[in-house]
Amino acid sequence: MKTNPNTKTEITFEDFKAEVLNDYKLAVTSRECSFLGRREVLTGKAKFGIFGDGKEIPQIAWAKAFENGDFRSGYYRDQTFMMAIGELTIEQFFAGLYANTDIKEEPMSAGRQMGGHFATHSLDANGHWNNLTEQKNSSADISPTAGQMPRLLGLAQASKIYREVKGIDTTNFSKEGNEIAWGTIGNASTSEGLFFETINAAGVLQVPMVISIWDDNYGISVHARHQTTKENISEILKGFQRNGEEKGYEIFRVDGWNYPELMDTYQRAAQISRKEHVPVMIHVQELTQPQGHSTSGSHERYKDQERLAWEAEYDCNVQMRKWIIENNIALDDELVALERNIKKDVRQGKKAAWEAFINPIIAERKEALSLLENLAASSPNGVFIRKLKNDLEAIDEPLRKDLLSATRKALRFVVSESSAEKLTLQNWITNYINAIQPKYSSHLHSESSLNALNQGEVVPTYDADAEEVDGRVVLRDNFDAIFSQYPETLIFGEDAGYIGDVNQGLEGLQDKYGALRVSDTGIREATIIGQGIGMAMRGLRPIAEIQYLDYILYALQIMSDDLATVQFRTKGRQKAPLIVRTRGHRLEGIWHSGSQMGGVLNLVRGIHVLVPRNMTKAAGFYNTLLESDEPALVVECLNGYRLKEKLPNNIGEFKTPLGVVETIREGDDITLVSYGSTLRLVEQAAKELQAVGIDAEIIDVQSLLPFDLNHDIVKSITKTNRVMVIDEDVKGGAAAYILNEILNTQNAFQYLDSAPKTLAAKPHRPAYGTDGDYFSKPSVEDIFEAVYDVMYELSPMDFPKLR
Ligand SMILES: Cc1ncc(C[n+]2csc(CCOP(=O)(O)OP(=O)(O)O)c2C)c(N)n1
Ligand SMILES: [Mg+2]
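Residues numbered from 1 in each chain as written. Chains lettered and ligands numbered in written order. Predicted model: local features only at pLDDT ≥ 70, side-chain atom pairs only at ≥ 80, totals over all residues. Heavy atoms only, no water.

(A) Layout of the overall build of the chain. Helix and strand counts for the chain stand at 26 helices and 22 strands. C-alpha atoms of the chain, sized along the principal axes, occupy 100 × 85 × 45 Å. Here the chain, with 803 residues, has 61% of them falling under the buried criterion. Partitioning the contacts of the chain with sequence separation of at least 6, the portion at a separation of at least 24 is 78%. (Helix = DSSP H or I, 4+ residues; strand = E, 2+ residues; numbered from the N terminus. Buried < 20%, exposed > 50% of the residue type's maximum accessible area, 1.4 Å probe, protein only. Contact = heavy atoms within 4.5 Å.)

(B) Just the packing of aromatic side chains, in detail. Inspection of every chain in the model, using the stated rule, returns 33 aromatic pairs. Geometrically, the ring pair formed by Trp62 and Phe66 is edge-to-face, given 6.3 Å between the ring centres and 75° between the ring planes. On the basis of an interplanar angle of 75° and a centroid distance of 4.9 Å, the ring pair of Tyr98 and Trp354 is categorised as edge-to-face. On the criterion of sequence distance, the pair formed by Tyr98 in helix H4 (residues 90-98) and Trp354 in helix H11 (residues 332-378) is long-range, its members being 256 residues apart. The two residues Tyr98 and Trp354 agree in class, both being buried. Each member of the aromatic cluster is reached from another via a ring pair, and the members are Phe51, Phe93, Phe94, Tyr98, Trp354 and Phe357. In this arrangement the basic side chain of Lys45 is found over the ring face of Trp354, its NZ or CZ atom lying 5.0 Å from the centre. Over the aromatic face of Tyr462 sits the side chain of Lys646, whose NZ or CZ is 4.6 Å from the ring centroid. (Phe/Tyr/Trp six-rings, centres within 6.5 Å; stacked < 30°, edge-to-face > 60°. Lys NZ or Arg CZ within 6 Å of the ring centre and 35° of its normal.)

(C) Just the packing of H11 against helix H12 (residues 382-394), in detail. Where H11 meets H12, the axes come as close as 8 Å, and the angle between the chain directions of the two elements is 165°. Of the possible angle classes, the one that applies to H11 and H12 is roughly antiparallel. Note on packing geometry: the crossing formed by H11 with H12 is left-handed. In this structure, H11 uses Arg365, Ala368, Leu369, Leu372, Glu373, Leu375, Ala376 and Ala377 to contact H12, whose residues at the interface are Gly382, Ile385, Arg386, Lys389, Leu392 and Glu393. (Axes fitted to C-alpha atoms, helices over the stretch in contact; angles between N-to-C directions. Parallel < 35°, antiparallel > 145°, perpendicular 65-115°, else oblique. Left-handed = near helix turned anticlockwise from the far one by under 90°.)

(D) Structural detail: the packing of helix H6 (residues 193-205) against helix H17 (residues 525-537). Packing of H6 against H17 brings their axes to within 9 Å, and their N-to-C directions diverge by 65°. H17 is crossed by H6, and the crossing has right-handed handedness. Across from Leu194, Glu197, Thr198, Ala201 and Leu205 in H6, the residues of H17 making contact are Glu525, Ala526, Thr527 and Gln531. Classifying every residue of the contact of H6 with H17 gives 4 nonpolar, 3 polar and 2 charged. (Nonpolar A, V, L, I, M, F, W, Y, C, P; charged D, E, K, R; others polar.)

(E) Looking closely at the nonpolar core. Counting 87 residues, the largest nonpolar core has Phe94, Trp182, Tyr266, Ile282, Val284 and Ile324 as the members making the most contacts within it. Broken down by element, the residue count for this core peaks at 15 residues, all from H11. For Trp182, the residues in contact, after removing those within four places along its chain, are Trp62, Ala65, Phe66, Asp70, Phe71, Arg72, Ser73, Leu152, Val210, Tyr266, Ala270 and Arg274. One finds Ile168, Ala544, Leu549 and Val661 within the second-largest nonpolar core, a separate group that totals 84 residues. (Core = buried A, V, L, I, M, F, W, Y, C linked by side-chain atoms within 4.5 Å.)

(F) Here's a closer look at H12. For H12, with 13 residues, the first-to-last C-alpha span of 18 Å sits near the 18 Å given by 1.5 Å per residue. Buried residues of H12: Gly382, Ile385, Leu388, Lys389 and Leu392, and no others. With its buried residues spanning 125° around the axis, H12 presents them on a single face. What points out from H12, more than 90 degrees from its buried face, is the exposed set Val383, Lys387 and Ala394. Where the residues of H12 are buried, they touch H11 and helix H13 (400-412). (Expected span 1.5 Å × (residues − 1). Arc of directions from axis to C-beta.)

(G) Local environment of the coordination of the magnesium ion (ligand 2). Protein-derived coordination of the magnesium ion (ligand 2) comes from Asn187 (OD1), Asp216 (OD) and Tyr218 (O), at a distance range of 2.0 to 2.1 Å. Here the donor residues of the magnesium ion (ligand 2) are spaced in sequence according to N-x28-D-x1-Y. Taken as a pair, Asn187 in the loop between strand S3 (181-186) and H6 and Asp216 in the loop between strand S4 (209-214) and strand S5 (218-219) lie far apart in primary sequence, 29 residues in all. What makes Asp216 buried here is its relative accessible area of 4%. (Donors = N, O, S within 2.8 Å, 3.2 Å for Na, K, Ca; no water.)

(H) Layout of the pairing of strand S18 (residues 670-674). Across the 5 residues that make up S18, a large majority, 5, are buried. Bridge count between S18 and strand S19 (residues 696-700): 5 bridges; the pairing is parallel. Bridge pairing in S19 places Ser674 opposite Asp700. Between the parallel pair S18 and S19, the chain is carried across by helix H22 (residues 678-691), and the sense of this crossover is right-handed. Here 3 bridges tie S18 to strand S21 (residues 723-730), and the two strands are oriented parallel to one another. (Pairing = 2+ DSSP bridges. Right-handed = clockwise from strand over helix to strand, strands pointing away.)

(I) Summary view of the state of the cysteines. Applying the stated rule across the entire model yields 0 disulfides. With no disulfide of its own, Cys33 lies 15 Å from the sulfur of Cys316, the closest cysteine sulfur. Given the relative accessible area of 1%, Cys316 is considered buried. (Disulfide = S-S within 2.5 Å.)

(J) Fine view of the sheet that holds strand S22 (residues 757-761). Sheet architecture is open: 5 strands sit in the order S17-S19-S18-S21-S22, paired in mixed fashion. Each edge of the open sheet is held by one strand with a lone partner, namely strand S17 (662-665) and S22. In this sheet, adjacent strand axes meet at a mean angle of 25° when their direction is disregarded. The pairing of S21 with S22 spans 4 bridges and is classified as parallel. Its bridge partner being in S22, Met724 is matched across the sheet by Lys757.

(K) Expanded view of the sheet that holds strand S14 (residues 608-610). Strands sit in the order S11-S10-S12-S13-S15-S14-S20 across an open sheet of 7 strands; the sheet is mixed. On the outer flanks of this sheet lie strand S11 (518-520) and strand S20 (703-705), each paired with one strand and no other. Strand-to-strand twist of the sheet, defined as the mean angle between neighbouring strand axes without regard to direction, takes the value 20°. The sheet contact formed by strand S10 (residues 489-493) and strand S12 (residues 541-546) spans 5 bridges and is parallel.

(L) View of the site of ligand 1. Taken together, 17 residues sit near ligand 1, with Tyr75, Tyr76, Arg77, Ser189 and Tyr218 positioned nearest. Taking Tyr76, its side chain carries an N or O atom lying 2.6 Å from an oxygen atom of ligand 1. In the model, an oxygen atom of ligand 1 is placed 2.6 Å from a nitrogen or oxygen of the Ser189 side chain. In isolation ligand 1 offers 580 Å² of accessible surface; the protein chains occlude 71% of this area. Residue classes in the shell around ligand 1 are distributed as 6 nonpolar, 8 polar and 3 charged. (Near = heavy atom within 4 Å. Polar contact = N/O pair within 3.5 Å; in protein donor to acceptor, adjacent residues only side chain to side chain. Areas by Shrake-Rupley, 256 points an atom, 1.4 Å probe, with all protein chains shown as cover.)

Below, the structure is given as structure tokens:
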């Protein structure tokens, strides 16, 4: 079941009829899926449903213009499109609704996403690229509305890069940049900042992006009058229309129930965008929601009778049916027969999907029931265990939770018994959890051979008379080596192009590598990240620069919701190995503090977070990351660009490993753990502590996510028996994260002779100026005194109270 692409110019009436009826069949099939899908939720077989009813016909028109190599970045209404491009069957639609964890049954996300979140597979089971030019592609959806927009920009920009930058191996990714990135968004979600930011950026960049706005006048219950000025998004965006002199958009407006006009509009849009690399907006108006927004409520609550009557009449499927009959393409009888068959097909598909979902669980339950029966028979508490067994057996539609809940509870009844049956059940539970847990937890990171942790270490090497240079020179020379070694790399950000970034880490590189590879962007952090995600999904190696760590908050939502979850939400079938470069630490002032690391750490699990203490370490991280297939955030030390570092002679080759700490000072009395620029204060404090007889060991964390994989910190604590984490973030931020790793993951509590400590900043943002910093973040004196206090508690005679 697929729509035919419009390739022929002259067709016979019979061909035409067959194509129209095939399209109608698709529309009705999709609608029937929506109807039955809703019923599955209302009867409890599925948890939640959000469907594409009322938006079928424009999606069929779109699918006809969508070619191999093209990409979609859309939202939960696009089921008909996915069916029309042949990437969603009836069975798969229902498998998504039931959350089937088998990726063969549920290829969108292996049950990780709620139904209506679509994806295709860019990678094979080993994490290797498929040839994306030979398939139709959909980047994996996310639920935050408009969150699909930033990525759309990058997907479109990739075509521009592939067309205009020479020397990249395009085999798997592009045919001369002829691919369109197609976006969809609901009318109400165009109120989001991400929508406007993306629209503007795509107009500036002139990329082949076609954005469809599905306009049904509502966002759940909220009418367009509360959403959009003049209640009309294409009206207010008219200023983006290109003209003879100025570049901009081509903007179309079309009614969503008008099949022939939709066909024409999508063909024209594709032609303009594909050929000329011009962004196009298609405002598809007069759409409906036959079943309301989702399964969470009914639209009769907020639509009046007049609106409901209009929706019934202008339902796009109803209108297409009317058009077929009025134009003598088919008779009513023919359509009735076709509709009857579709109902049957969908019912059958649904049944097959349910069986595929439930049968493996029923088989697993059978095992559990038999083990419970055996245990009951062998235990004096048999009646209680048998009750658990009977309750489990009585569940009509058992879930894995039910199996584990019953079997784990059963163990409590035999806690002081020992029997072969008990042992068998214990082993079964452990093995079952080990087998099932990955279905829900795998692929937070890449599981391919290119995982960043597989990349090893290459130490920087130096000539005997190695030059001492500003740190930024090490970085610049390393980026130079990267750009010449990897033609698919590019870097972009505010001031990253012409002047070579605000700290000159890219000095001269735009001249050398061109303005497409080393480029300036507008001030728009979320879409800078989106550019990176989209381009990385299409095989390029983007480095997105966020000028300062403080402004990453604008991009954090998209890093958290989109970038961090790409591998996880596709179970490893898509990736976006984007490197995010930024600078921070120990700055001054409320919005230049560079220290909100705790917030970042908690929101970006799935992205590596690296905090190199100098530019050689930073350069080594970039070299490691470019050999891996994973996303990462690298925070350079803003106050380190002018500090002197020796220039390595293996620039572009040395690699800093992830998840490995470094002991930068050895000592016996206490282990001080820190990272980034704060280390320089810790080092100074350690020198001063030495003068009073306290011998501190200092460990540079370097890599916050992943964290100290070799557990070197606890090894240090077995020697010093004391630990303090020093951080410029607020209390409970990164310091709490680090201490939790040391105490809970590394079990260091057993070696401690003093209470573990954190020394963090004040809870407010740092005040401005040198004194503002001194009174906001840990100072050398604060560190000295905090460590001294630990030693005072240990031995007041040796370390009398300071104050
Ligand atoms: C950022 C964000 N805010 C709120 C929601 C909850 N929500 C889900 S769909 C929706 C309405 C979207 O309306 P529209 O964009 O017009 O799309 P439609 O469902 O009408 O096709 C809302 C508010 C969300 N998913 N994401
Ligand atoms: Mg809407």
